[in-house]
Amino acid sequence: MTEPDFRTPELDTLAARVIPGRHFEFSAATARDRFFKDTGMLDIKQWVHNAFRTNPRSMVDHMIANLQLTGTEDLLDLGCGNGFILQHLRPHLADGSITGLDIAPAVLDAARQRLHGTATPCTWIEASADDLSMLADNAFDRVMANYMIHYVPDLDRCFTEVRRVMRAEGLFHLTTDRPDSMLEMYDVHFSALKEMGAPDDLFKATPKGRLSLDNGADILSRYFDQVERRTWQDQLRFTDPEPFMQFYEIGHNHCCASSEPDERLGESFFSELRERVRAQVAAAITDKGYFAVTKFTGTFLCR
Ligand SMILES: C[S@@+](CC[C@H](N)C(=O)[O-])C[C@H]1O[C@@H](n2cnc3c(N)ncnc32)[C@H](O)[C@@H]1O
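Bear in mind the structure is a predicted one, so any value in this text is a computation, not a measurement.

### Section: the overall build of the chain
For the chain, the helix and strand inventory stands at 11 helices and 7 strands. Per-residue burial over the chain gives 55% buried out of 303 residues. Restricting the contact set of the chain to residue pairs at least 6 apart, pairs at least 24 apart contribute 82%. Summed over all atoms, the accessible surface of the chain reaches about 13,100 Å², with 48% contributed by carbon and sulfur. Charge-centre separation for the chain: the mean point of 33 positive side chains lies 1 Å from the mean point of 46 negative side chains.

### A word on the UniProt feature "domain: Methyltransferase type" (unreviewed entry) in the chain
Summarizing the sequence annotation, UniProt attributes the feature "domain: Methyltransferase type" (unreviewed entry) to residues 76-172 in the numbering used throughout. Between the end C-alpha atoms of residues 76-172 the distance is 9 Å, and the span holds 29% helix and 29% strand.

### A word on the sheet that holds strand S4 (residues 140-146)
Pairing in this open sheet of 7 strands is mixed, and the strands run S3-S2-S1-S4-S5-S7-S6 from one edge to the other. Looking along the sheet, the strands with just one partner apiece sit at the ends: strand S3 (122-126) and strand S6 (227-238). Direction aside, neighbouring strands of the sheet carry axes that sit 15° apart on average. Judged from the 5 bridges that link them, strand S1 (residues 74-78) and strand S2 (residues 97-102) form a sheet pairing that is parallel. Bridge pairing in S2 places Leu 76 opposite Thr 99. Contacts between helix H7 (residues 155-165) and the sheet are confined to S1, S4 and strand S5 (166-177), with S5 contributing the most and set at about 145° to the helix.

### Quick word on helix H2 (residues 28-35)
Of the residues making up H2, those classed as buried are Ala 28, Thr 30, Ala 31 and Phe 35. With its buried residues spanning 165° around the axis, H2 presents them on a single face. The inward-facing, buried residues of H2 contact helix H3 (40-51).

### Thoughts on unusual backbone geometry
Its identity is not glycine, yet Met 182 carries a phi of approximately 60°, on the positive side. Mapped onto the elements, Met 182 comes out in the loop between S5 and helix H8 (183-195). You will see that His 254, though not glycine, has its phi angle at about 45°, which is positive. By secondary structure assignment, the location of His 254 is in the loop between helix H10 (241-251) and helix H11 (267-288).

### Observations regarding the pattern of salt bridges
With the rule as written, the count across this model stands at 24 salt bridges. Residue Glu 195 is joined to Arg 276 by a salt bridge in which the shortest nitrogen-to-oxygen separation is 2.9 Å. In this pair, Glu 195 sits in helix H8 while Arg 276 sits in helix H11, placing the two residues 81 residues apart along the sequence. Assessed through its relative accessible area of 48%, Glu 195 is described here as partly exposed. Across the pair Glu 267 and Arg 274 runs a salt bridge whose closest N-O atoms are separated by 2.7 Å. Residue classification places Glu 267 among the exposed positions, given a relative accessible area of 51%. A cluster of three or more residues bridged by salt bridges with shared partners is formed by Asp 74, Asp 141 and Arg 167.

### With respect to the packing of aromatic side chains
Going through the model one piece at a time under the given rule, you end up with 16 aromatic pairs. When the ring of Phe 26 is compared with that of Phe 35, the centres are 5.1 Å apart and the planes differ by 90°; the resulting orientation is edge-to-face. Summarising the burial analysis for this pair, Phe 26 and Phe 35 share the class buried. Ring geometry for Phe 172 versus Phe 224: centroids 5.4 Å apart, planes at 25°, classification stacked.

### As for the packing of helix H1 (residues 9-18) against H8
As a packed pair, H1 and H8 sit with axes 10 Å apart at the nearest point and diverge in direction by 45°. Relative to H8, H1 is oriented oblique. Pair H1 / H8 crosses with left-handed handedness. For the pair H1 and H8, the contacting residues are Leu 11, Leu 14, Ala 15, Arg 17 and Val 18 in the first and Leu 183, Glu 184, Tyr 186, Asp 187 and Phe 190 in the second. Across the contact of H1 with H8, the residue classes break down as 7 nonpolar, no polar and 3 charged.

Reading the values: rules and limits
- Residues numbered from 1 in each chain as written.
- Predicted model: local features only at pLDDT ≥ 70, side-chain atom pairs only at ≥ 80, totals over all residues.
- Heavy atoms only, no water.
- Helix = DSSP H or I, 4+ residues; strand = E, 2+ residues; numbered from the N terminus.
- Buried < 20%, exposed > 50% of the residue type's maximum accessible area, 1.4 Å probe, protein only.
- Contact = heavy atoms within 4.5 Å.
- Areas by Shrake-Rupley, 256 points an atom, 1.4 Å probe, with all protein chains shown as cover.
- Lys, Arg positive; Asp, Glu negative; His and termini not counted.
- Charge placed at Lys NZ, Arg CZ, Asp CG, Glu CD.
- UniProt positions renumbered as here; feature names shortened; annotations may be inferred.
- Pairing = 2+ DSSP bridges.
- Axes fitted to C-alpha atoms, helices over the stretch in contact; angles between N-to-C directions.
- Arc of directions from axis to C-beta.
- Salt bridge = Lys/Arg side-chain N within 4 Å of Asp/Glu carboxyl O.
- Phe/Tyr/Trp six-rings, centres within 6.5 Å; stacked < 30°, edge-to-face > 60°.
- Parallel < 35°, antiparallel > 145°, perpendicular 65-115°, else oblique.
- Left-handed = near helix turned anticlockwise from the far one by under 90°.
- Nonpolar A, V, L, I, M, F, W, Y, C, P; charged D, E, K, R; others polar.

Here it is, written out as structure tokens:
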């Protein structure tokens, strides 16, 4: 099947104008104690990414193709979240095993419950992905780190550890975004911030800029002999502003402005921000029939 290509010269021009060079950075503690203290953020993202996509192949379909599972592999998932991806991979590991590791106890518990009672043996570990000292050398055929590496404090230690726990013929599967993924969301967000005269330090791009599809191959090739990049696109289309607003507010912490307590930004700031964003989304729906959010995402396959 041919992959859809949503890139247009207009989107490239928009990306160059809208996406800042600087990006947000968050500690593992912020991830554990705020973003993933429950499954709310993940639930909204997983719902929206699937319910509003236009690429007939889902993210999980791409992962299954990339992982080349025969059914007997031992798989380690770093930052496994609520087990959404593992639930879909599990039938492809009928005679293998799953180890899910995450720093946040609530989402790890949700993953445990999601896979409870299935025949594939599962082990759940609460830890940071840069300390795999509880795992033996050469224990896994597949190691995954999907949409989580930007939270890991010590990337050097993490990749060295992945190398150690992965078997010689194994595969490390790291999924992340291009910095300009979902640029229409950033466009309406930054336009609203500008209209409000918001503080300069809020004009930053996604934290995935730390290790993105643009710079990831350089970083990973210091640890792995072969690094192959496989990209794919999708376009979320909304004909009602409400699901997008949940995606924007909760799924992306108002594109990070509401990620940490900030005494400069009270509830009136965020209600005005939401109203200004909602108005732009509603106008696009009236104008074009839908509001589009274009995703540029992909995976590094490392051996
Ligand atoms: C955006 S979610 C991705 C979840 C899952 N991999 C997916 O793609 O659906 C990021 C996950 O990384 C976890 N995380 C954040 N920092 C981590 C760290 N240092 N070590 C392990 N997991 C971490 C979070 O708790 C969260 O579950």
